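Coordinates in review
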Amino acid sequence: METTRLVLPGPAPTARDAASLCARLARLYEDGARAVECDARAVTAPGLGAVEVLARLRLTARGRPLRVTGAAPALRALLGLVGLVELLGEAEEREPPGRVQEGVEADDPAV
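Worth saying up front: this structure is predicted, and the values here are computed from it rather than measured. (Residues numbered from 1 in each chain as written. Predicted model: local features only at pLDDT ≥ 70, side-chain atom pairs only at ≥ 80, totals over all residues. Heavy atoms only, no water.)

A closer look at the pattern of salt bridges
Here the structure, examined in full by the defined rule, presents five salt bridges. A salt bridge links Asp39 to Arg41, with the nearest nitrogen and oxygen atoms 2.6 Å apart. What makes Arg41 exposed here is its relative accessible area of 59%. A salt bridge links Glu52 to Arg56; the nearest nitrogen and oxygen atoms lie 3.8 Å apart. (Salt bridge = Lys/Arg side-chain N within 4 Å of Asp/Glu carboxyl O. Buried < 20%, exposed > 50% of the residue type's maximum accessible area, 1.4 Å probe, protein only.)

As structure tokens, this is what we get:
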């Protein structure tokens, strides 16, 4: 599957950037893009504006493939805090459920 790139502005995208980026993303999908990759290499001083931009891009994608690449550690941490880590194409790390016992075989020794 061919991936189309959308470059995020740096060093810190703001909420004001969201409308134009969402319009561009919608146009990319209308023009036949199957998957879009948001290049975040220029985002070197991320803040809540960057999070808002990425959240609105995710809503604009409406379930179509959208992934963020080139995210610096600070942006990765912010996305993790607000629950948008799936945009990085990585599984979210979660704590294992408490008090869950693995399957027990009849011949397992007692603990």
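Now that the structure has been shown, we can carry on.
Quick word on the nonpolar core
Counting 28 residues, the largest nonpolar core has Leu8, Leu25, Leu54, Leu57, Leu66, Val68 and Leu75 as the members making the most contacts within it. Counting residues per element, the ones that place at least two in this core are helix 1 (15-30), strand 2 (35-39), helix 2 (48-61), strand 3 (66-69) and helix 3 (73-81). Per-element tally for this core: the top contributor is helix 2, with six residues. Beyond its immediate stretch of four places on either side in the chain, Leu25 contacts Leu6, Val36, Leu57, Thr60, Ala61 and Leu66. (Core = buried A, V, L, I, M, F, W, Y, C linked by side-chain atoms within 4.5 Å. Helix = DSSP H or I, 4+ residues; strand = E, 2+ residues; numbered from the N terminus. Contact = heavy atoms within 4.5 Å.)

A word on the side chain of Asp39
Within the secondary structure, Asp39 is located in strand 2. Look at Asp39 and you get buried, because its relative accessible area is 4%. Of note is the side chain of Asp39, whose polar atom sits 2.3 Å from the side chain of Arg5. With sequence-adjacent residues up to four places away left out, Asp39 is seen in contact with Arg5, Leu6, Val7, Leu8 and Thr69. (Polar contact = N/O pair within 3.5 Å; in protein donor to acceptor, adjacent residues only side chain to side chain.)

With respect to the side chain of Glu37
Structurally, Glu37 can be placed in strand 2. A distance of 3.5 Å separates a polar atom in the side chain of Glu37 from a polar atom in the side chain of Arg67. Ignoring anything within four residues of it in the chain, the contact list for Glu37 reads Thr3, Thr4, Arg5, Leu6, Arg67 and Thr69.

Some words on the pairing of strand 1 (residues 3-7)
Where strand 1 and strand 2 come together, five bridges link them in parallel fashion. Its bridge partner lying in strand 2, Leu6 is registered against Cys38. You can see the chain leave strand 1, run along helix 1 and come back into strand 2, and the turn it takes is right-handed. (Pairing = 2+ DSSP bridges. Right-handed = clockwise from strand over helix to strand, strands pointing away.)

What about the pairing of strand 3?
In this sheet, strand 3 lies alongside strand 2 in parallel orientation, the contact comprising four bridges. When the bridges of strand 3 are listed, Cys38 appears paired with Val68. Once the chain exits strand 2 it traverses helix 2 before rejoining the sheet at strand 3, and the crossover so formed is right-handed.

Some thoughts on helix 1
Compared with an ideal rise of 1.5 Å per residue, which puts 16 residues at 22 Å, helix 1 spans 23 Å between its outermost C-alpha atoms and is within 8% of the ideal. If you check which residues of helix 1 are buried, you get Ala18, Leu21, Cys22, Leu25 and Tyr29. Tucked inside the fold, the buried residues of helix 1 contact strand 1, strand 2, helix 2 and strand 3. (Expected span 1.5 Å × (residues − 1).)

Considering the sheet that holds strand 2
Overall, parallel pairing links the three strands, which are arranged 1-2-3 in an open sheet. In the strand order of this sheet, the two ends are held by strand 1 and strand 3, each with one partner. In this sheet, neighbouring strand axes are inclined to one another by 30° on average, regardless of whether the strands run parallel or antiparallel. On the sheet, helix 1 packs against strand 1, strand 2 and strand 3 and is oriented at approximately 165° with respect to strand 1. Against the sheet, helix 2 makes contact with strand 1, strand 2 and strand 3, and its axis sits at roughly 150° relative to strand 3, the strand it touches most. (Axes fitted to C-alpha atoms, helices over the stretch in contact; angles between N-to-C directions.)

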